[in-house]
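Listed here are the chains, written in short residue letters.
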Amino acid sequence: MEELILTLKKQIIDALNLEEITPEDIDNEAPLFGDGLGLDSIDALELIVILDRFYGIKLANPAEGKEIFKNINTIADYISKNRTK
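Read on for an overview of the structure. Note that the coordinates shown come from a computational prediction; the quantities given were computed from them, not determined experimentally.

1. Looking at the nonpolar core
Within the largest apolar cluster, 24 residues are counted, with the highest numbers of intra-cluster contacts made by Leu8, Ile12, Leu51 and Ile79. Elements supplying a minimum of two residues to this core: helix H1 (2-15), helix H2 (41-55) and helix H4 (72-82). Discounting residues that sit within four places of it in the chain, Ile79 has contacts with Leu4, Leu8, Leu51, Tyr55 and Ile57.

In structure tokens form, the structure reads like this:
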């Protein structure tokens, strides 16, 4: 799971062009939206693309994203249970 978390952080940094942030800067439990990393709805679309492209996961219900994208740990947990790649 730690390897998945590190890979996921790197993918998020690359996809969102967070050049000033390193994987170590992202707390696994910190919120990704709002007060935490400060992501917005456009960034959420990028996260959906990451799930599809790298893990073969298509979100059938976009409303699920709110719970899945709460923090790094919730995304990694969802990926580990649902990945097809």
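2. What about the pattern of salt bridges?
Tallied over the entire structure, the rule returns three salt bridges. Its salt-bridge partner being Lys58, residue Asp52 comes within 3.0 Å of it at the nearest N-O pair. A salt bridge links Glu67 to Lys70; its shortest N-O distance comes to 3.2 Å. Judged by its relative accessible area of 42%, Lys70 is partly exposed.

3. Let's talk about the environment of Leu59
Inspection of the secondary structure puts Leu59 in the loop between H2 and helix H3 (65-68). Classification of Leu59 by relative accessible area gives buried; the value is 15%. Spatially, the C-alpha atom of Leu59 lies 19 Å from that of Leu16, the residues being 43 residues apart in sequence.

4. Focus on the packing of H1 against H2
At a minimum axis distance of 10 Å, the contact between H1 and H2 shows a crossing angle of 125°. With respect to H2, the element H1 is oriented oblique. Crossing handedness for the pair H1 and H2: right-handed. Where H1 approaches H2, its residues Leu4, Thr7, Leu8, Gln11, Ile12 and Ala15 are matched on the opposing element by Glu46, Leu47, Ile50, Phe54 and Tyr55. Residues belonging to the contact of H1 with H2 are distributed by class as follows: eight nonpolar, two polar and one charged.

5. Regarding unusual backbone geometry
Its identity is not glycine, yet Asn17 carries a phi of approximately 50°, on the positive side. Position of Asn17 relative to the elements: it lies in the loop between H1 and H2.

6. Notes on the environment of Pro23
As for its position among the elements, Pro23 is in the loop between H1 and H2. Separated by 20 residues in the primary sequence, Pro23 and Asp43 place their C-alpha atoms 17 Å from one another. Excluding its chain neighbours within four sequence positions, the residues that come into contact with Pro23 are Leu6, Lys9, Lys10 and Ile13.

7. Topic: the side chain of Asn28
Mapped onto the elements, Asn28 comes out in the loop between H1 and H2. A polar contact is formed between the side chain of Asn28 and the side chain of Lys9, at a distance of 2.7 Å.

Cut-offs applied
- Residues numbered from 1 in each chain as written.
- Predicted model: local features only at pLDDT ≥ 70, side-chain atom pairs only at ≥ 80, totals over all residues.
- Heavy atoms only, no water.
- Core = buried A, V, L, I, M, F, W, Y, C linked by side-chain atoms within 4.5 Å.
- Buried < 20%, exposed > 50% of the residue type's maximum accessible area, 1.4 Å probe, protein only.
- Helix = DSSP H or I, 4+ residues; strand = E, 2+ residues; numbered from the N terminus.
- Contact = heavy atoms within 4.5 Å.
- Salt bridge = Lys/Arg side-chain N within 4 Å of Asp/Glu carboxyl O.
- Axes fitted to C-alpha atoms, helices over the stretch in contact; angles between N-to-C directions.
- Parallel < 35°, antiparallel > 145°, perpendicular 65-115°, else oblique.
- Left-handed = near helix turned anticlockwise from the far one by under 90°.
- Nonpolar A, V, L, I, M, F, W, Y, C, P; charged D, E, K, R; others polar.
- Polar contact = N/O pair within 3.5 Å; in protein donor to acceptor, adjacent residues only side chain to side chain.

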